Every structure is written in structure tokens, then in C-alpha cells.
Amino acid sequence: MSLDQEYEKIKDELQSSFDSGVTLTYEYRIGQLKKCAAMIKAMEKEYFEAVQKDMRKHPAETNGTDLKFTESDLGYAMKHLKGWMADQYVKTDLVNKLDHAYTHPEPKGVVVVFGTWNYPVQCTMVPLIGAICAGCCAVVKPSEVAPCASAVMKKYFDLFLDPLCYRTIEGGVDTAQALLRLRWDHIFFTGSVSVGKIVARAAAENLTPVTLELGGKCPVIVDETTNVDTAAKRIIWGKCVNAGQTCIAPDYVYCHKKLVGTLIERMKHHIADMYGDDPEKSDCFARIINKIHFNRLKSLISDGTVAIGGKTNEETCYISPTVLTNPGLDSKVMTDEIFGPILPVLEYEDIQTVFKYIRSKEKPLVCYVFSNNAKLIDEAKKKVSSGTLDVNDCLMHMMVPTLPFGGVGHSGIGKYHGKATFEEFTHHKSVLHKPIGMESVNNLRYPPYDAEWKMNLIYSLAYYKPNAPTASANGFAKYAVTSTMAGAAFAYAYAWPGASGGQ
């Protein structure tokens, strides 16, 4: 059996489960979420060991940035799921005043989630949690780039989740391509821009909606009003978590000319404070995922002057926390997403040149601003288009479940976290429920349209009018419509110039 046939069979089985309606109830969905919670607890020890093998990442960092983050999102979803599933009633105009108008959240159907390797559980389970909340069935593909983490995830996903509705498939590029050849009701992908384009093209063949969580170059602005020591500490932490292999890691810094020397000196101090004089000996600093990424990153170090770090070890895929100065704006370190512990620092005098530079590039996933200048912060908010604006910190916007996370333009399509993940996998069906009676009022809308007063009344009842005059303005006319079945309903309309009775 070919991969295409195998995966089509799996999808057909999930489609049958979805069509049965088993995922539609609150009880089923909350039950699967509880199993997710139990699964995270059960897999914890093996997962820590797996990530250690893949990236030599400290268990505390794995716990805080991966498992606990996922648990937090899961807990928030469990608390609010019943409210998310409820119909949302909307206001109606006068002509539909006695009708029920609302949106009904329905699951999109059978979906596929492509996880990534840098935060394997977080970037796979958080979308899956949203799919479960929405009532979808799902295929999940962890990233093969972190093989140990992928194997642990498959083991526990298969143990805890309902196999009739959720399947985990491991594999490489061939597997991903075979899955993309199938018609899904939604595709959720986390990864690079280049692969995101491939996913988008495949989705377009079937007009399948997509969520693309991509990346790009996240700029940092440090102005002269900030606390430079705190800024340096937070930037270095944001850059060195997971050895910089984070889509929202600071990618380059524009620092005011007055502070750039102090900023670099404080960065050096905080690197030593967090990881010791030799970060290679620290068990708190992770390694680059593989030789391919190591060699790519190593080549970027020569694109600037090394101010801090610059040390590498190919055998262990180690690259030290590195700060570069004087990088060429056309060099790869300034044009490509770095995705590693290398940080170019540039200086500026006029903030407008910084805004101009950022706007000349693709829209970033996050823009970081360190400043106590309210005017500059407001200007950055309005002049820099980015998925998120983070002021005076790095990464921490991810911890706010009520803040949707996602990119804009090349940094991504769609949002998730908290309710936003539920929304990605949900179609909000518009529903109008009109009583079968009241036909004496409805007769107004039927032909013949031979009476001008009738047309004016229909218009006044059924439509919003742009720039309509207030109740005290000239041209005001009053109409009343009486129904023997529902009592009296009152409407107000305007006699426009040229109409009968107009002034």
C-alpha cells in the first residue's frame, strides 16, 4: 500500500467518525482535553530525556517553555470551552425584530496539524487542543527533525487520545507531501516561510483554509530613555532561550547611538551571569538541532564584527551566544531569519531611519521596543506592521492566552492561543430563525411595488442609511406599521429629496 493510499484510508476513517457526530458534544470534547492533561503528566520524564537527546536542552527550560506553556493553554481552554461552544446572538433591525439571529459555531471537519521541532509539544498540542475544542477530527504530524521527541509524542498520543478521531503520523518530507495531497477541511502548519509557501500552494488546490505560523526577522528597538541594563538582560534571555531557535526570538537590535556601547557591555555581563564565563560548559544552554543548521549559523558569524562570543564546536553543534556589530545590511545575517544564538546590533540617531528600514522588509512576527517614551512607543505601534508589538520585554506576550498569536504577511496567516485556536478550527454559521406567522407584515416586501409610500417604508425598515440625519433634522417622517398578530411595531424612515412629501 502506498503512502497516499494509507493516509487516505486513515482520513476516510476519521471522516466516518466525524460524520457520526461523536465530537459534537461538550462531554466528548472535555473528556479528550482531560486525557490531554493526563498525557502531559505521563510523558513528562520521557519527554525531558528525548529533548535532551535532540537538543541538550535543560529540563527546566523544556518544562517552562514547552510543557507548562501547553498545560496553561489547555487549562484555559477547559475553563472556557462551554462558553465558546454556545450560540452567539446578535442584534437585528426592525424588520427582523421578532426573529432569532445568531451564529452557531460548528467544527470545520477533519484537519491536519504539522508540528515543528523547536518546541515539539507546544507547537503540536496547542493547535490540537483548539481542534478538539472545536469538535474536529485530526491527523497530527510531529517534526522528524527532532526524532526523539517525535517518537515520545506518538507513543503517548496513541495511548491517550481516541484513535477513532485522532491519529499521529511520523515521517519525513515524503509523509508531509502525501498528507498535503489529500483534501482537508483545515491545515495548520508551523515552520519556515519557504515550506509555508509549499503548504499554501497545496491548500489552494482544494481551496482549503490554512493557518501558517511562520517567522521572519523580529527587530528590537532600544531608545535612549530605557533602562539599558534591564533591556540587555531581557533581550539576551529572549535570544538565548532554546539557543535562539525560536520564531519570536530577537533577530537584530537597533540601539540609540548613546547607549550602544553600554548595551553590549551589559549583554556580555548577563550572558556570563546566566551561563557562566564559558557557556559551552553550562547545562542551561541548548545546542543547535543538527549539523545542517549548525553550518548555516556558523557561516553567519563572519557577516559582522564579533563583539561577544563567536565560538563554535561542530562535534556537539555548539554555537556560543554571539553579538555582532557592523553587519552589512545586505548580508545574510541581516536578510535571512537567523534562528540561532547570533544577534546583530546596529546603532541609530534618528528613529525614523529605523522605522523606514523595518518597513522596507517583510512584516515581522514580533517587533520589540524598549523605551519609556510613550510617543515613540505609540509611533512604533502605528508605523511598524507586525504580528505582535512587545514593549519592554521579550517572548512574554506568549503567556497571555487572551492575546491571539500569529503573523502578518510573510510572517504568517491566522492566529492561535486561547480562544483564537478554537476560532481557527471553527466555522461560525449564521442562523436566522423567523416565525412562520406575521405574514401581514411580510406582505410589504412582495410585489407589486406600485406604491411609493410602500417603497419608502420597506427602505426605512430594512436598511441602514449612511450619514442619515438625526431625529431633529429636516426631512424626518414617521411611519407606523401595525400587525394584528404581534401588536404594534414602530419604524422611522426618511423622505429623501425627490420622494413624495420631501422638502
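What comes next concerns the included structure. (Residues numbered from 1 in each chain as written. Predicted model: local features only at pLDDT ≥ 70, side-chain atom pairs only at ≥ 80, totals over all residues. Heavy atoms only, no water.)

In this section: the overall build of the protein. Along the protein, the regular secondary structure elements total 16 helices and 20 strands. Principal axes of the C-alpha set define a box for the protein whose edges measure 85 × 60 × 35 Å. When burial is assessed residue by residue, the protein has 50% of its 503 residues classed as buried. The contacts of the protein with a sequence gap of at least 6 include a subset with a gap of at least 24, amounting to 71%. By element, 55% of the accessible surface of the protein is carried by carbon and sulfur atoms, the whole surface being about 23,200 Å². When the 55 basic and 56 acidic side-chain charges of the protein are each reduced to a single mean position, those positions are 3 Å apart. (Helix = DSSP H or I, 4+ residues; strand = E, 2+ residues; numbered from the N terminus. Buried < 20%, exposed > 50% of the residue type's maximum accessible area, 1.4 Å probe, protein only. Contact = heavy atoms within 4.5 Å. Areas by Shrake-Rupley, 256 points an atom, 1.4 Å probe, with all protein chains shown as cover. Lys, Arg positive; Asp, Glu negative; His and termini not counted. Charge placed at Lys NZ, Arg CZ, Asp CG, Glu CD.)

A few words on the packing of aromatic side chains. Applying the stated criterion to the full structure yields 13 aromatic pairs. Look at Tyr-252 and Tyr-254: their rings are 6.1 Å apart centre to centre, the planes differ by 80 degrees, and that puts the pair in the edge-to-face class. Each member of the pair, Tyr-252 as well as Tyr-254, carries the same accessibility label: buried. Ring centres of Tyr-252 and Tyr-357 lie 5.9 Å apart, and the angle between their planes is 90 degrees; on these two criteria the pair is classed as edge-to-face. Here Tyr-252, found in strand β9 (residues 250–256), pairs with Tyr-357, found in helix α12 (residues 351–359); they are 105 residues apart in sequence, far enough to count as distant. Of the two residues examined, Tyr-252 and Tyr-357, each falls in the buried class. Every member of this aromatic cluster is reached through a ring pair, and the members are Phe-188, Phe-405, Tyr-416 and Phe-425. Stacked on the ring of Trp-184, the Lys or Arg Lys-11 has its end atom at 5.8 Å from the ring centre. In this structure, Lys-82 is placed above the aromatic ring of Tyr-26, and the distance from its NZ or CZ to the ring centre is 4.5 Å. (Phe/Tyr/Trp six-rings, centres within 6.5 Å; stacked < 30°, edge-to-face > 60°. Lys NZ or Arg CZ within 6 Å of the ring centre and 35° of its normal.)

Okay, the packing of α12 against helix α13 (residues 374–383) next. It is at 11 Å that the axes of α12 and α13 come closest, and there the two elements cross at 25 degrees. Taken together, the axes of α12 and α13 are roughly parallel relative to one another. Seen along the crossing, α12 lies across α13 with a hand that is right-handed. Between α12 and α13, the contacting residues are Ile-351, Gln-352, Phe-355 and Arg-359 on the first element and Leu-376, Glu-379, Ala-380 and Lys-383 on the second. Of the residues that constitute the contact of α12 with α13, the class distribution is 4 nonpolar, 1 polar and 3 charged. (Axes fitted to C-alpha atoms, helices over the stretch in contact; angles between N-to-C directions. Parallel < 35°, antiparallel > 145°, perpendicular 65-115°, else oblique. Left-handed = near helix turned anticlockwise from the far one by under 90°. Nonpolar A, V, L, I, M, F, W, Y, C, P; charged D, E, K, R; others polar.)

The next point concerns the side chain of Thr-211. Summarising the element assignment, Thr-211 is placed in strand β7 (residues 210–213). Among the polar contacts made by the side chain of Thr-211, one reaches the side chain of Glu-424 at a distance of 2.4 Å. Those residues in contact with Thr-211, other than ones at most four positions away along the chain, are His-186, Ile-187, Phe-188, Phe-189, Ile-413, Gly-414 and Glu-424. (Polar contact = N/O pair within 3.5 Å; in protein donor to acceptor, adjacent residues only side chain to side chain.)

Here the focus is the nonpolar core. Soluble globular proteins tend to bury their nonpolar side chains together. Val-253 and Met-267 are the most contacted members of the largest nonpolar core, which totals 139 residues. Here this core gets 12 residues from one element, more than from any other, and that element is helix α2 (residues 26–55). (Core = buried A, V, L, I, M, F, W, Y, C linked by side-chain atoms within 4.5 Å.)

Over its 17 residues, helix α1 (residues 3–19) runs 24 Å from end to end, which matches the ideal 24 Å to within 8%, given 1.5 Å per residue. Those residues of α1 that sit buried are Tyr-7, Ile-10, Lys-11, Leu-14, Ser-17 and Phe-18. Projection of α1 onto a plane perpendicular to its axis shows the buried side chains occupying an angular sector of 115 degrees, all on one side. Gly-21 sits one or two positions beyond α1 and adopts a positive phi of about 85 degrees. (Expected span 1.5 Å × (residues − 1). Arc of directions from axis to C-beta.)

The next subject is unusual backbone geometry. At the junction of Pro-447 and Pro-448, the peptide bond is cis and its omega measures out at 5 degrees in the coordinates. With respect to the helices, strands and loops of the structure, Pro-448 is situated in the loop between α15 (439–442) and α16 (452–462). For Ala-243, which is not a glycine, the phi torsion comes out positive at approximately 55 degrees. Tracing the chain through its elements places Ala-243 in the loop between α8 (228–240) and β9. Although it is not a glycine, Phe-339 adopts a positive phi angle of roughly 55 degrees. If you trace the backbone, Phe-339 turns up in the loop between α11 (332–335) and β14 (342–348). Phe-339 sits in the buried class, given a relative accessible area of 16%.

What follows covers the environment of Thr-388. Position of Thr-388 among the secondary structure elements: in strand β16 (residues 388–391). Considering only alpha carbons, one finds Thr-388 and Gly-407, 19 residues apart in sequence, at a separation of 7.5 Å. Not counting residues within four places of it along the chain, the set of residues in contact with Thr-388 comprises Leu-365, Val-366, Cys-367, His-397 and Phe-405.

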